[in-house]
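Residues per chain are reported as follows:
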Amino acid sequence: MPENDDLFATFTHQGLPVEPLPAAEVRRRGDRMRRRRTALVAVGSVAAVGVLVATPLALVAGGADSTRPLDPAGPGPTSASSTADVDWLTAVPEDLPLLDGLPEGAERYPDYTQQIVGPCGGPGFTADGALDTEDALWTDGVEASEQRAVAVYADDAAATAAVDDLRTQLAACEQPAPRGDSIWAVEQASDLGEQSYVFVNSWYADGEQTGDAHVHQLVRVGNAVLYDNANFGGAGDPAVVDLTVEQVREDSAYVVSSMCVFAADPCAEPPARPEPVEPASVGAEIPDGFALDAGLVVDGDSEAVGPAADGDGVDLSAMCSTLRDTWPAEPVDRLAYALAGPESLRVRELATYDSVERAAAVLAGVTDAASACSSVGGTRGEPVVWSLLSPADAPDDSVTFAMTMSDGGIGGAVYQLTRVGNAVLATSWGGEWSTTTVEPGADDLTAESAPVLEQVRAAFGG
């Protein structure tokens, strides 16, 4: 385990017994898992999203392949009588790819240490009675965390009992308390390995869901159990939950396949790691003289900055603390422009990427984060709320959303991001908006952006 306990100070309490995190601490972790994968969603499904139907868990950053040619299900079940004389593997092989699919920076440790609570705050997966364990941990040090562990038992019956214990714990759950902080667990469908069990712990404050949750996945193959958990937000949206569960399944696919070494009839060694399929590169240089300011007028009361490659662009970092790594997500080229007036600020940013797939993943990540933030109205304690908008003439492959004051006051911003080929145009309009004016404001922003979008289409296709 790591010597620096501070590394996981925002992950969980160390050691046993494991107690639920305070609701305030959980909320600070934000509303999404920030992951290194480019996308669970392919370009076609991103296009099918349309203007506002968000893909709740399109994950952003990095360039690894998200379509592994692996069947995550392991070998079929075996009966107890057929495994009585099996010479079970009793230790975790050094070459078991425990880190595969975890974010960059995850570290492997020789022993499992429980990091989070089980169903509804119960004991959880303790690995008690295991002959050998190994652990893998990742945290961004702020709000996001993931853990993966493998525990090897004396035989398949002992491993089965370890998984069944979690099912028993969930069956004993009580409804969320109307006062104070509590946790409620819901089982999810799973058919991995020879036996699997997946559930989601959701946090509640005074009987209301906070949006913060952990997904837990346990997969048994032979006499070993693979355990994954990860925190996420937006858990009030069933689609977010479903896609988070699917993402954990996807990220663990290769290591689940490699668990065949623990089967009663084991494979000789883990299967070869599939090679990522890199998308074809395309031209990403923004043409000289690109008029990012097209359609905007500078008068005596306003001041313009740019267009410039080093200018300040559309800032989404404050949106439920979800978009620090999501936009603009390390583009190949970029251009920014700002027009500040007495009571408004218009900002445009054009970012280009080395592939259409990468641009689609960036937009999908922003769409996902905007949906999650809007589903909970914003971050608790903040004086603002977020909402998705539906402009009448919104461009294809775009998302539009707004920030307004939660007390009904005046102030906020309207945002729209649109993908064209391997480019994404982001625009924002900050001003004296209210909940009743942001819808027509989104229509105006759409119309105002049309001239520059025509240039983007000419330069980057689509």
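In case you missed it, the structure is sitting above this.
As a starting point, this report considers the structure included with it. (Residues numbered from 1 in each chain as written. Predicted model: local features only at pLDDT ≥ 70, side-chain atom pairs only at ≥ 80, totals over all residues. Heavy atoms only, no water.)

## Considerations on helix H7 (residues 438-460)
Which entries qualify depends on this criterion: Values of bend correspond, residue by residue, to the angle between axes fitted over the seven residues ending at that residue and the seven starting there. Under the scheme used here, helices are H or I runs from DSSP no shorter than 4 residues and strands are E runs no shorter than 2 residues, and both carry numbers assigned from the N terminus. Using a 1.4 Å probe on the protein chains alone, a residue whose accessible area is under 20% of its type maximum counts as buried, one over 50% counts as exposed, and one in between counts as partly exposed. Any two residues having at least one pair of non-hydrogen atoms within 4.5 Å are treated as being in contact.
By the largest-angle criterion, Ala450 marks the main kink of H7, which is about 45°, and a proline, Pro451, follows within four residues. Of all the residues in H7, the buried ones are Val438, Gly441, Ala442, Leu445, Thr446, Glu448, Ser449, Val452, Leu453, Val456 and Phe460. In the core, the buried residues of H7 are packed alongside strand E10 (345-352), strand E12 (398-405), strand E13 (412-420) and strand E14 (423-431). One or two positions beyond H7, positive phi appears at Gly461, with a value near 80°.

## Re the nonpolar core
Using the following cut-off: The criterion is simple. A nonpolar core is a set of buried Ala, Val, Leu, Ile, Met, Phe, Trp, Tyr and Cys residues joined through side-chain atoms within 4.5 Å.
Leu316, Trp327, Phe401 and Leu417 are the most contacted members of the largest nonpolar core, which has 25 residues in total. Put simply, the parts of the chain that give this core at least two residues each are E10, helix H6 (356-376), strand E11 (384-388), E12, E13 and E14. Among the elements that line this core, the one with the most residues is H6, at seven residues. Once residues lying within four places of it in the same chain are set aside, the contact partners of Phe401 are Leu316, Met319, Val366, Ala370, Trp386, Ser387, Leu388, Leu389, Ala413, Val414, Tyr415 and Leu417. Counting residues in hydrophobic clusters, the runner-up holds 21 residues, among them Leu102, Val221, Ala224 and Ala263.

## Examining the pattern of salt bridges
Pairing is possible between side chains of opposite charge, provided their charged atoms come close. For clarity, the threshold we go by: What counts as a salt bridge is simple: a side-chain nitrogen of Lys or Arg found within 4 Å of a carboxyl oxygen of Asp or Glu.
Throughout the structure, instances matching the rule amount to nine salt bridges. The salt bridge partner of Asp191 is Arg249, with a shortest N-O separation of 3.1 Å. Of the two residues, Asp191 is situated in the loop between strand E4 (181-188) and strand E5 (195-205) and Arg249 in helix H4 (residues 238-251); the sequence distance between them amounts to 58 residues. The class for Asp191 is exposed, based on a relative accessible area of 54%. Residue Arg419 is joined to Asp397 by a salt bridge in which the shortest nitrogen-to-oxygen separation is 2.6 Å.

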